[in-house]
Amino acid sequence: MKKPRKDPPENTGLTTRRAIIMGGAQLAVMGVLGLRMRELQVKQADQYRLLAEENRINIRLLPPARGQIFDRTGFPIAVNEPNYRITIVREDAGDIDEVLYRLSRIVSLSPEKIDETKAELKRRSPFVPVTILDRLSWDDVAEVSANAPALPGVTADLGLSRAYPLGADFAHVIGYVGPVSDFDLNRIEDPDPLLQIPRFQIGKTGVELKEERELRGKAGTKRIEVNAVGRVIRELDREEALAGQDIQLTIDTELQNWVQARLAGEAASAVIMDVQTGDLLALGSAPTFDPNLFVRGISTTDYNALLNDPYRPFRSKAVQDIYPPGSTFKMITALAAFEAGLVDANETVRCVGHKEVADTRFHCWKRAGHGNVDLFKSITESCDVYYYDLALRVGIDTIAEMARKLGVGVRHDIPMSAVASGLAPDKAWKREVRDQDWRIGDTVNASIGQGYVLSSPLQLAVMTARLATGKSVEPRLIKSRDGVETGISGGQDLGITGGTLDTIRRSMYAVSNERRGTGYRSRTVNTAFKMAGKTGTSQVRRITAAERARGVTRNQDLPWERRDHALWVNYAPFDNPRIAVSVIVEHGGGGSTAAAPIGRDITLRALYGDTPPLSAYPNAARADVRNTFRQMEALLRSLDSDRNQGSKA
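Residues numbered from 1 in each chain as written. Predicted model: local features only at pLDDT ≥ 70, side-chain atom pairs only at ≥ 80, totals over all residues. Heavy atoms only, no water.

Some remarks on the state of the cysteines
- As enumerated under the stated definition, the model contains zero disulfides in all.
- Here Cys383 stays unpaired: no disulfide links it, and the sulfur of Cys351, its closest cysteine neighbor, is 3.7 Å away. (Disulfide = S-S within 2.5 Å.)

Overview of unusual backbone geometry
- Geometrically, the link from Ala286 to Pro287 is a cis peptide bond, its omega value of -5° lying close to zero.
- Position of Pro287 relative to the elements: it lies in the loop between β12 (280-286) and α12 (292-296).
- Residue Pro573 follows Ala572 across a cis peptide bond; omega there is -15°.
- The residue Pro573 is located in the loop between β20 (565-572) and β21 (579-585) in this model.
- In the Ramachandran plot, Arg312 falls in the positive-phi region, its phi being about 55° despite a non-glycine side chain.
- Position of Arg312 relative to the elements: it lies in the loop between α13 (300-307) and α14 (330-339).
- Although it is not a glycine, Asp482 adopts a positive phi angle of roughly 50°.
- Following the sequence through the fold, Asp482 ends up in the loop between β17 (478-481) and β18 (484-485).
- For Asp482, a relative accessible area of 48% gives the class partly exposed. (Helix = DSSP H or I, 4+ residues; strand = E, 2+ residues; numbered from the N terminus. Buried < 20%, exposed > 50% of the residue type's maximum accessible area, 1.4 Å probe, protein only.)

Description of the packing of helix α11 (residues 253-263) against helix α23 (residues 591-608)
- Remark: α11 packs on α23, axes separated minimally by 10 Å, with the N-to-C direction vectors making an angle of 160°. Taken together, the axes of α11 and α23 are roughly antiparallel relative to one another. In this structure, α11 crosses over α23, and the sense of that crossing is right-handed. Residue-level contacts link Glu254, Leu255, Trp258, Val259, Arg262 and Leu263 of α11 to Pro597, Ile598, Asp601, Ile602, Arg605 and Ala606 of α23.
- For the contact of α11 with α23, the class distribution of residues is eight nonpolar, no polar and four charged. (Axes fitted to C-alpha atoms, helices over the stretch in contact; angles between N-to-C directions. Parallel < 35°, antiparallel > 145°, perpendicular 65-115°, else oblique. Left-handed = near helix turned anticlockwise from the far one by under 90°. Contact = heavy atoms within 4.5 Å. Nonpolar A, V, L, I, M, F, W, Y, C, P; charged D, E, K, R; others polar.)

Spelled out as structure tokens, the structure:
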């Protein structure tokens, strides 16, 4: 029996239309997906294949070449030398322990070095290369490179390291570089990513520190492809690093070398300055040290030996250390009094060997006294009592103002470490710093460069240059940056009465060239190179009344550290000044015996341009000078030999 046929539902047409629409939408989506898959698999296949291998595109920093440093003639004094090294990147290495173990079987790698490397890797970002070893031989580098597949994350490459061809001669001027430390990172407000690279070298002292930003340069980058085991497949692109600026100093290498040899065996310093331009031609400080030791890694033994040396070789004595200037300060006191109109050049003071001030006896260095003394004689024979009398009339504030005008008690802006400000004290300073009132005895002591007065050898050279020219000459250490000359300041007129300055200059000439002058024994007989100078001796101990009664103990009979400092300043030639010189010999005794001969020798060396001939010296001095020069020549030959051996190594 046939079943009756049912009529179709009334919504059949609607369902069919929906199906068509849904099917079309599905086809459209599938088409878009297909096109996108084609885009990814065909057009962008290379890029995503690289990314698929665990993001194996790495970006590496390219350290820039550090700017080099040259002397005024273009001689290199801080250079970059090739340095083969091995680095490791944590994110590429995988099992660090295993990789370092394998590496230790190829090159000498101590357990201490392994522990140090692992600690450094933990402290650094995973993508930052950490140096394991440096200063390797080519054979070691070649063997590591040949075993690269077994050493994932390890790379042997060629970098640059700082070197100082002249060793110790420029240690206090240039300073040295060393690896970035946590201390450096904490004190430097610098986001430069280069500083995060372990063992990246930055300036630690001297010009290297003060000109760090200019010398460092800018980092470059490279994008590299590595495979699953960390081996570099290819370099994708590169942006080269920008090298640091080259810097040229005003220092003359040969003169600096000679000055250091002349200071050898002393705790001493010397400054030679061009009085017209302010160029610092030499900055000697003795003893010194080899800055290469700090670049390569100084041993504890060597470091402690330098640190504990009583002559303090780490100190840049020419600019960093400050001393009572002693009698070299007397020209300042005289100028203060004369410019204030309180005295004239013909007025005399009676020196009987001492002066009573406020129930205190202040002594002259000459126990029997100098008799009647005017300005000319007071400088020539260095009478103390004359200046005690001037100081009581002029007062400390006027003296301090003149000192600062001549460059003492002023920090001079040169790019060296810890450049000292010195001290030209006044009443306000003592109230602020010592919370005490100024006393008349303080003024008396200050008048002869004792008491609170302090100056550096650099400041004394500036003072002498200003006395020679009457202008506010400023010291200059940087001659040019990347070949662009820095500004030269001849200085403004000091505004000191010409007649007064002429009297001071003639008196300084007499110090060196008249028989009663305290520097007469250190004169030169070459009339073209006559000097105008001043001796100084500054006490480092108090002489009691009891000692004076029985006779003051001679310096040579005292322990070294209790002897007086010896000082000397001069400019030359007298009639056409070219250079100013200052010398300080720590605990040298008298300025006339210890400092003045050194000042004369380096003055003549600067003016002659070579070792001075014996004919420039008085007959009585030639035997001693000949002996000194022979010792210096032997020392210079020894230093040259050591440098040659070091460069070969």
